[in-house]
Structure formats: C-alpha cells, structure tokens
Amino acid sequence: SSGINAEYGVNVLVLDECHHAKENHPMAVVMREYWCPQKPSGRVLGLTASVIDKKKISGKAELRITIQNLQKMLSSKLTTPSEFVNKIRNINLPEPEIHTYSPKDYAKQLLELTDNLLETVNKFSVKHLPELEQSTYTHIKKIATSVPTIITEVGIDGLIALLKDDKGFIVEIRNYLVSPNIAPTISPDGKVSKCNTYEIGETVLKQLQSLQQTADNILENGQEVRMSVKFYELLKYIIKLQSEQESETPRIIIFIQRRRVVKAMYKYMCKLRKEVGACANMKVTYVLGGTGTGGRDDTSNLSSFETAELIKIQKQQEQALMDFREGKCNILLATSVVEEGLDIPSCNVVIRYDFPPTYRAFVQSRGRARKAPAKFAFFLDEVEVDEKKDQLQSFRDVEMLLREFASDLTPEDDNDDDIDEAEYNKLIPPLEVAGTGAKVTAISAIQRLNFYCSQLPKDEYTETMPNIEAVELEAGFAMTITLPKLCPVKEKIVGDSMPNRKYAKMSAAMKALKLLYEVNELTDALLPQFRQKERDSLLIAAEDGRFLTVDQKLKIPSKFWRKDLKEETGEFFLYSIRLDLKPDDKDFSEFFNTGKDHKVACFGILSKVQLPDFPIFKVFPRFGPVAVHVKFERMIQLPVHVLKSYCWFQEVVFTHTLGLPHVKKSEAIFKTYFVVPLCWKSKRSKFAKSASTEKSAYLDIDSRLIDQLHKQWDSEHNHWIFGNMPSVPNKCLDSVIFPAYLHKEHPNNSDITQDLYAVVNISEMTAKSQMKGKAESVTYEEYHLREHDIQLQDPDRNLLVCRNVTRHYAFLIPGASKKSSRKEMHRVPEIHKVHPIPSSLWSQATCLPSILWRIETFCLSQELSDIVYGSYDNSMTLLASHYDDYFSEQTVDLMSRLRWDLEYHGDIDWFETLHALTHKSCKESYNLERLEFLGDRFLKFVSTLFYFRSMPYKHEGWLSKYRSQMICNENLAIRSCTELRLPRFILNKRIDPKSHWIPPGYLTSYTLDKIEEAKTTIAEVPDERVKFLSSQTGDNLSKCDLKELQQRKNADSCLEVERFLHSLSDNKVDNDTIFKLCDIIPDGHLQDLGVKDIADSMEALLGLCVAKYGYRKGVDLLDKIKITTFQAKNGEEPELLNDYLYEETPAPQILSSLDGNKFAEQKARDRCESLANVEKVIGYKFNEPLYLLEALTHASFEDVNACYQRLEFLGDAVLDVLMVFHIYEEKPGYDQGQMTDLLASLVCNTTLSKICTKLQLYRYLLYDSAELYNVLARFLGSFEADQLRDWYEDLSLDRVFVHTIEADNLDERPVLNLDNKVVQAPKILGDLVESIIGAIYLDSGEDIFKVRDVIWGWFEPFYKSFSDKPPKNPKAAINELYPGLKKTILSYPGDRFRFVASVTISTRKDNKVTSYEFKTVGRDRETAFEVSCGRALHFHRKYLANTM
C-alpha cells in the first residue's frame, strides 16, 4: 500500500516461505512490479519447506505446474540441496495416531442459548459499517462466535473460566465499549446517540453475563459434566503420556485452530493443575500469533485498548516460547503460528486438536515431533473418521510425490575439481559430536571459523577475523591460522600439507575448530559457546528452586518457640516483660491505676529453653513511649496441670481480651511458650506492692489472678461471666466496664468491642449533674430515662471517670498510634457490668503484639547469626546499648577491611544482623539499604577477582558473563535459601496485629478449621472405604465416589501438615509438607517475598560481615552459601573462592601468551621503555611494566598479543569498591539512593574521561584502527585553544555543546542535529583509566591501600564537588520533575543510521495543559535521548521552575 522503495540497489533478495508468492501477496507484487521489470543485477533466494499448500493434488502433472509457476514468479530455479535429500531418506517421521470421541449431545441446553448470541452479531456485515467501527465489531463478533466452539471443544468449565477471568470475554467486551471509535455521542440538545457496534456490544455483554449464570446453574445442579468429551479424551491421553515417560517429562505441542479456544483451554488446564493431582505436572503456556486485526496490517483505526492488547500478545508470545524452550513449561497450546517461522525446540508429542486444513499444515506440524520416540496424534469425531483417513492418505500421496520430485531437483556439484563431499571428507576428516550429531565438514569449516570469530566481543574499532597465511612446501601447500587476541587459543595453528591452497585453508580451519571445541569455546552443537543462550541454570526446577518457592511463602518461627510445653514438666525459664513509662507523664496513673486487692506488675514469658539476652527497646502505645526490658527472673518447677491453666490464660488474652481476629482457641496445635501475669511477692508475705517495698520481693507468676479469671469463665459457652459493679467507689478503679443495657442478652466479648471503658478515677459528679458536651441542658438521670427507658435506682452515687479501651495494637514505631486525647467520659456505675480483666493488665496486654513481634525478630536474628557465624566466636553478650539508637553503622577504619591479608576478631552483635534483615517497607527506624549497598559492591569485587584468576585465558566477555550470573539476584536468592534458609528470617512487611499478625508458634483460625475439617472427613471416609474405591475402575466410580476420594486426599494432606507442625520442635523441615501447609494458610498471612528481596538481604549480610570482620570473613560467607554452584557440573562440588583468591598475583597476560619466547618478551619490554612518562603522569612506578603495557594496548594493535579489556574489567571493580567503602564511611547519614547517585557520578564515563584527558593518557594508547583515530581526533578537535582544559577542569557532568541550546525558547524548540554540535567523550577514555587502575592493583601485589593512595588525587576534586549534593544525570532529573514524561526514540535510514529522540514535558495552569517537545537527531540513540532530556531540563530551569 505504501509502494516499494527502490532507491538503493539490491544484490540479493531473500524471500522466506516463498510458496506464498502468488496472486496479490506482497512477495508476488515485489517480483512483478519491481524485480522483473528492472531486472537488477542480483539474485533471488527463496526458501520453503513445501511448495504445496492444498489438501491434495491430482498427480505429478499438477505438482510440476505448481513448481513451474513458482519458478516463473521468482525468476529462479527450484532445487533441493543434496544433503537435504539424503537426510529425508533417513528420517523416520511419526505415523499419525487417531483418537476418536463421541460428543453425545454434550451441553445441548447451553448450546441452544448461544443461538441468540450468534443472531445478535450477524445482524450486520462488517462491510456496511463505518471504517472506525469495523475493527471493534470484528473483535466482538469473534468473541461471540467462539462461545459455542469453546463449549464443544473444552467444556462448560472452560467457558466459565474465560468469562470470569479478569482478562476474559466479559471484561474484554467492556473494554471495547469504552473505545472512542464506538463511544456514544451527545448532541447539543443532550440526546445520546449510539452506533450499531455499540448497541451490539451492549447486547452481547448482557447475553454473556446471562450465559455465565446459566452455565453456573447447570454445573451446580449436576445437569452436565464440566468438560467436553473431546477434551476429556485429550486429558486422558496427556496423563497417560506423562505416566509412561517417568524419567523425562514429555514436551507436547497441541495445535488448535481458534485463538480463543486456545485461551479457554489454557485457563482451564491451569485450573485443573491446581485442583486435580493427576494434572499437577501439566505446566501449560500458549502462543496465539498474529495481530488480531482480521488480517489487515493497518492498525490506525484500532482503539487504545486494542493496540495495548496487540502489544501484550506480542510480549506474551515471546515469553511463552522462551519458557517452552527452557523447559519451564512442558505443554504448548498454539495456533498455526508455530507450524512455521518460529524457533521452538524439538518435542516428543504433537497433537492436532483440529484436523490440518492443508498438506502444508500437516507436514509442518508433524515436523515439530522430532525427538524420539515421537508421536503425532489426531482427535476426531467418530462420524468423520473415514473422511479424515482419506485426507491423511492424500497427504501421504503428496509427500511421496514431493520426495520423488525432490530427488530429481538435486543441483549438480559446483566444483572445479569434480570432487564430491565424500572425497573432501576422506582428505580432511569432518568434526563430529557423537552425542548431538552436530557435524562440520571441510566445505563449511572456513565459514564456521569465521562465524566463531565474528561472535567474539569487540568494540566498533576492532576486526576479529582470523589471520590466515600460506606456507609453501616442497610438495604441496599448508596454511597457518592466528586467531584474534581475544580468543583463548594463542598459538599459531598449522594445517596439514594439501595439494592446493584451497584444501590447505580448509585443513587449517578444521584444526582450529577442533582445538576450539577442546577448550570449550564451541558447544556440542559446534556453535560459539559465548553467544549461546544457555538454559538458565539458576532457575532450577529441582531442590534449589523448591527451597526458594517454599521460603518465599512461609515464615517458620524461630527455634526458641519450637518446644511443646503442653505435656512438659520440670524446670522452666521465667522472663519478665517490664514496661518503663515516662515518669513525668501526668496521666500515667490512669493506665496503671491500683484499685484491686493486689496489683499485677507485668506480663512474663514462660519457656522451656533459654532465650537470648534481649536489648532494651521501645514501643509506642497511645499513652506514650514505653521502654521494654525482657529480663530473666529465675528457674521454676511446674507440674502439668498448672501448665494447662497457663495455656488457658494465654489463649484468653489473645482471643477474648485482645480479640485478635485470626487467632482461635484450640487444642489442635502445641504450645511453645506461655504468656503469664506476674506480681511482686515476698518471702515474708504472700504479696508485695512493689520491688522497693521489701528487699526480698521478687516477681512470680500471679496464679491467684489466673484462678480468679478462670472462675469467671463459662467454658461451656466459651465466654466471660461479667460481674456487677462494686458498691464501694474505690473498688471500681482499675476496672474495665461496659454498658449492660446495650447488651440485654448474655454478651459475648466479641460483641462489645466498641463499648469497653477503663475506669481511671471517681468523679464528684452524680447522675443528677448536668451532662457535659450536650447542646441542651439535661442530667444523666434524665438522659438515660428518655433515651434508654432506664430509671436509675441510686442517682446520688458518684459517676466514674473513664477512657476508651484501645483496640489498636501496632505500636512498633513512633506515630504508629495516635496518642489518646485524654478526654474525660463519665459513666453511671449501676447500669454497667465489670469485665474480669483489670484495666492495668489490659493496658499492658495491648502492647503484647508489638513486644512479641519484636522479641521474635530478635530471636530470628540471633538464630541467623548463629547459622552465618556459627564457626566464629559467637557471643550472646551485646556490644552496645540499643536503647535509643539500635545500631550505629559507622565502622572505624572501614577501608582496612578490604585488606585480604588482615583478619579481624571479636564478638558478634546479633542485633546488628537484624538491620541486614529489615527492609524499608517495614517502616522501622533502621533498614538494610546501606549494608546492602556495601555488600553488593564487595560481591562484585570478589567475583571479579575470582574469575580474573580462575579464567586466565578467557576474554572480558566471558568474565562479565560469569560474574553477572554469580552476582545476579536469582543465584544469591537460591544459594541463600538452600544453605541458610534465609527468607524465613527476612522482615519486609509492616506488622499489623488486626490484619495479618498472629503470635509466634500459632496458626490462623482458618488453618485450624481446615485441620478439624480434615479429621471429620477421615472419620466419615475411613481407610477401608478409600481402599475399596481405589480398587474400582474409573467407569465404575460415580461423581460422589470421586468427590469422596478427593476429599480424603485433601484431608490426608491436612493431617500430614499437623504432624509436620509437631515435628518442628525437632527442627525438621519438609518442603512437600510446607507446600501443603501454604495451601491452608490465607494469603494475607503468607510472605510476599520477591527474589530481589532475598538477594538484597543476602548482600546486606555480606556487607555487615565485611564491615565487622573484613575481606576474609566475607569470602568465607560466600563459600558457605556455595556461590559458584550454578557453574558446577552434575555431581561435582562447586569451586571455592578461597582456593583462588589468595594465590600468587597473576602475571601479565603478555607473558602468559608468549609461552617462554624470550625474544618476544624482550621486544615487549623494549616497548615499555617509552612508557616512563606515563608513570610520572600517574604518580606510580611499576615493578612489572608489562602490566602498564597491557593496560595501554587496544585490541586492534596486533604487535602485542594482549589488550586492556581484562584489566579494565578488574579496574572497574577495584574502583567501585574503593569509592563505595569511602562513601559509606564518610557519609553515615546518606541513604542508599544518595550513595548510589554519588557513586554513579564518580565512576561515570564523563568523570573518567576528564581524568584521562587531564593526564593525557590517550597519547600513549597503542592501537591500529583508523576509525579509533578519527573518533579521538574528532573529540579533541572539537575544542579550541583552552577549551579542552576548561572542559576537564569543569566538575559538572553536563555534556558540552559547541553550539549551545539557547535557541530553545517558549515559542520555538527546533530539531537539534547532533552532528558536530555535541562533544561526547569516547568510552575508550574511561576504559583507559580503569585498565590502569587494574594494572596498579596487580603490580602492587593487590594492595588496595596503594591503589587508593595513587588514584585518590584524581578523584578528590570530583568527590568534594559532588559529595554535598550528589548530581543526577539529565534523564533521572527530568523524570523526577515530570513523572508522566512522554518519550519516543525512532530510527530512520540515511547515509548512516540516525535516531530521533523526542521528549515532551507538560505543565498545567488554570486547567490548561501546555506541552513542550524537544527533538534531537543523532547517530547514537542513547546520546540523542540524553541530549533531549538535557534540553528539557535546561528549558525547565530557565522558564518553568519558578512557575511550578
């Protein structure tokens, strides 16, 4: 439609799937209107797997005509390469398997209802609708017409799944109805006008909603089975295949004709995988292909929703194919898009759910079943079996004709020497890999070698082709090949003597390939190893991956809470939880008033195991900050019956006092600790008022209070027995009361949560006094008589001064709970009841959730510290007071921790570990971000050293690839899960007792209910019944029988969970059971940890370890989690970092590549003499100048067999870790974002290039590239006179414009062409600085202090300039100012490719939006975009900053 661009000459025209070149297909148009008329001096290469695209052909004559027409259209000759012909003869493709089914009037009632749906969408023809409506109408019609097909192909349940899905049919129709293309319009007189498509869409939406309701009713009433007969047969076939191939899960592709049937089947199979055990191994994905635009390429009339859907489909298709390739999914549902053109792996089974419409579809889909033993299956209706068998026979006939015809089309050998491939192979044996069948022959050896070299990492200035030289012999010829210097094979490769140069070149190339394969530079497919996308070894589906999945969900309590006390006797540890309130708080007494016979001092914890020494910490209830001191009191001896009363008290506190919604009183789960009330006691008297009363006073369990409370508990009805109000006023103090007249029947505590009041004082007012806060004048007596019909019996009795009892328990951080207003409330005593729990105890109980959570985090932190540092001197003594400041992250002389030759000793302050576990989302006063920043860079540094040492001959690309795999989040997460079980210690959610918190060691009420239901089910379906049902065949089992079996299976899982919970006291962890436990825990109580959350915590632990103990202990920690496991082969132990990091410093690569050649070594050392000036400039004298020579040698310089890339890789990490440790120590107040900005500004290419230019290091660079010379000359030539000095002395990071951007103004912002208008420092300048840093590090014996002393003078001016306010690059700065920034980057061809980067910012004033667009054209997309952002930022500062 847009015409053909024939401006440039074409040498080769390649037409893939060229069988389409007929009639008006674009390929045919190109040939007719461009290629044939102009007859360009070029050639056509058409590729196709089959020239036939019909169901059948009549014979050879028709086939020959088809081929002749195609040859004529393409001006080409049809041939079949001889090697393909030979392979065709040897390939055994699977024979079709036919599986039949009988629909038997399935879902007849529901299908009749779909007739109205079809009638609605068939009212109009798309051709009669306006163009803007056509796309939307087509989509709506396709949805409607697919409904009956889904019912018959998948089943009612599949339809319901797609209707109810948040991206299903109903939601899809709603999105189409809001499309501006069909939206209703409103005339000036207010009349609403709807187009035909909109009305059809509304009707279809209502009909789909009605259909969904009907389908639900049909299934609920048992009128139909959930799945269609056809789908049931498919499911049985897949389950059978998976059971037959236990060793390896079969890979299955299912071809389905209709796209929406694919989606319905995908949704339903995902549902079955969760609900049906036999389907658990069905990991399904799908590919739809196409654009959904009805075959039209023009998408201009699509709505924004439709356009967004197309983008989603494309992304989903890419991800689905990637998952199928990598084995994450084993079933691929696909339309015809997978038949051809897409790269997918070979599979075991291909299933045609719909019969192939053409021979091409038949042969292409069958060709996907390549992996033996392959299967090719069809599912056919019984009534059409004979017809389809005839078509299959026609396909076979076509195939035989094509095979016979292909043999006749084999091209003649184009060989000057008349030697066929077999003769070549005799002369030069091919390279073959037995396991894969991969093979390289002499003919293709040179091409494969060139391809390998082209895939080596290189910059734009370096050629990486092999150097081939001829050697004339007395009898014959030989060739030598020198591979590029980035290749690990350094020696010259000499080929065998051959009769001519051509054979000699092939021989040398074959030898080179064999050598590359031996050193693992080629894969088993004989392709370049470096560029192959390996299956991600980090996303392991076996045990490592299960650790990750399990721990991301469930947080198991710390080991201190895993001791079942319910049946224990003997000695116990008693701890007090003392609350220290501010003594200057006037209103303190109202929360802990003394009015009972004796005062409850505090709560305590009774434990069978010794708890750690907890620091004093704070909670922040509504009555002010409280310091909490958990203190060991004494050992006590207790019998079992007493423990049961303590157990009852704890349950009552959690369930009926605090009213925690997710905690249930139950005997189903063991008790790991007890919360008990404590009071002061004396050896001389039973009770003491306080510790100061008598020196002999001590805290003990208040058994008297527990007994009193137990007497006021109705165990039969599970609620309190509330008491009457005491007649003596002072006896009312420290009571919790509620208005009995509002709860006439016997109240349950949960029903009066909003009407509880704590008595804090006795008022001098009576019921005859005027009520406060009322607009009208009325007494308390009159008010209760009028409003509640209550006649007070004792109106002269003093009123009670009360406050509300708080139901808010999240007191971990300041401001978490609003402070009480202290507003006085007056209550009439005689119409209230008294709660058994005293007010003072209740006030302390409200702090319990926060206190127990903090104690649990301390226990988890201590347990992890013991795991991580268990082999070190792990003391339980705290190193610092954490009362006001939990942890000061300052470390004295932090930089010295990078010394690998020093080892630091000391006690572990496990409280510091808590910082490394706490994420910012917890809203605590501390978090892991600074430690994570430190650990991240240390990990990069150590991994760099490890691969630099362990891979001495690998190029920088390999080192970067392995390093990125080692330090990636997935590897860190899996290793820390496997070795440390880290996720269960991580804190990433703000605690809220009212929504998702339960006490340590408890389970949610929902989970306990599930376990109780399971016990009931097992009693109803005993083992004998299960055994009987299991012995029956599938046909003899009714729906009720199957339901019983499934219920019993679920019940067994629940009881297995209960047994597992009891085994936790033995520290046993079973992953399979944890999966089942997660299924019966509400989502809100499961962890929501991502891979990055786990990796960040691991990096923070590493940062803490290094900050406390230095380099060696950090490396030990990485070895502890076996960080290199991802690269270990099956059965091998992973390499240890410690085995490599302390060896002798690696020699210069130049020496290792010379292999003892003294002459070449002396030549290299002679070159070093000219580098003395460099040593003066950088201020360092090299002990081994070959390091410096290597640091200054570019890959294009052939005379030195090394280049700076490996040293640049090393220097980058050294620079990073030096700057990070300096920033961390010097800027303790900076958060992670500020530290990152400061680091980025110090190590960015602009800063490094300015240092390089100032030192004039580019003058000493050894290179042999005209392009590199031009780039450097262009950069330096952009400056005049003193401009270069001004540039490198300028400490800003802004790019320098030769012609400034002052042309941008409010009225006009012209397009800026960057040619000769922007000075962009070449990246090679920054690389030079980093390579020299790497060289200094090695030459100094890896003395990090020596490196810092040399380079700090280079960076100090920048550090001083940036440290107070870290700069941001223009992209980050403009994005912060305008979060809704609109940006596009387009490309267009020219004499050289150009990129147009557009950035648009918008402002709003007086409800008017004004937009400003900045367009920049450049050869580099990143540069063009950054300049556009810089222009926008400059414009903002000049014109808009003061208006916002």
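Everything here concerns the structure above.
Scoring rules and cut-offs
Residues numbered from 1 in each chain as written. Predicted model: local features only at pLDDT ≥ 70, side-chain atom pairs only at ≥ 80, totals over all residues. Heavy atoms only, no water. Helix = DSSP H or I, 4+ residues; strand = E, 2+ residues; numbered from the N terminus. Buried < 20%, exposed > 50% of the residue type's maximum accessible area, 1.4 Å probe, protein only. Pairing = 2+ DSSP bridges. Patch = residues over 30% accessible without salt bridge, like charges linked within 9 Å, V, L, I, M, F, W, Y side chains within 5 Å. Areas by Shrake-Rupley, 256 points an atom, 1.4 Å probe, with all protein chains shown as cover. Salt bridge = Lys/Arg side-chain N within 4 Å of Asp/Glu carboxyl O. 1 Å grid on protein atoms, 1.4 Å probe; cavity = no way out; pocket = protein on both sides within 12 Å on 5 of 7 lines; lining within 4 Å. Points joined across faces, edges and corners; volume = space filled by probe spheres on them. Nonpolar A, V, L, I, M, F, W, Y, C, P; charged D, E, K, R; others polar. Axes fitted to C-alpha atoms, helices over the stretch in contact; angles between N-to-C directions.

(A) Spatial organisation of unusual backbone geometry. Despite not being glycine, Glu23 shows a phi value in the positive range, around 55°. Here Glu23 shows up in the loop between β1 (12-16) and α1 (26-38). Even without a glycine there, the phi angle at Ser75 is positive, about 50°. With respect to the helices and strands, Ser75 occurs in the loop between α2 (60-74) and α3 (82-90).

(B) The pairing of strand β9 (residues 349-352), seen in detail. With burial as the criterion, each face of β9 is covered, one bearing Val349 and Ile351 and the other bearing Val350 and Arg352. Pairing between strand β6 (residues 252-255) and β9: 4 bridges, direction parallel. Bridge pairing in β9 places Ile254 opposite Ile351.

(C) Expanded view of a nonpolar patch on the surface. A contiguous nonpolar patch, built from Val12, Val14, Leu45 and Leu47 and spanning about 340 Å² of accessible area, is present on the exposed surface. Listed by contribution, the elements that provide at least two residues to the nonpolar patch are β1 and β2 (43-47). Within the element layout of this structure, Leu45 appears in strand β2. Take Leu45: its relative accessible area is 42%, and that puts it in the partly exposed class.

(D) Broad picture of empty space enclosed by the protein. In the structure shown here, the tally under the stated rule is 8 cavities of 30 Å³ or more. In this structure, the second largest cavity spans a volume of roughly 110 Å³. Considering the residues around the second largest cavity, the lining is formed by 16 residues, among which Leu812, Cys922, Glu924, Arg990 and Ile991 are closest to the centre. Taken together, the residues of the lining of the second largest cavity sort by class into 10 nonpolar, 2 polar and 4 charged.

(E) Inspection of the pairing of strand β14 (residues 477-482) at higher detail. Alignment of strand β13 (residues 467-472) against β14, held across 6 bridges, turns out to be antiparallel. Paired with Asn467 across the strands is Thr482, a residue of β14. Hairpin geometry of β13 and β14 is characterised by an intervening segment of 4 residues between the two adjacent antiparallel strands and by a positive phi of about 105° at Gly476. Taken together, the 2 bridges between β14 and strand β15 (residues 493-494) define a ladder with antiparallel strand orientation. Looking at the pairing, Thr480 lines up with Val494 of β15.

(F) Up close: the sheet that holds strand β17 (residues 602-607). Within the open sheet, the 6 strands sit side by side as β18-β19-β16-β17-β20-β21. Their pairing is antiparallel. Unpaired on one side and paired on the other, β18 (617-619) and β21 (698-701) mark the two borders of the sheet. Taken over all neighbouring pairs, the strand axes of this sheet differ in orientation by 45° on average, direction set aside. Sheet topology places strand β16 (residues 570-581) next to strand β19 (residues 626-638); 12 bridges connect them, and they run antiparallel.

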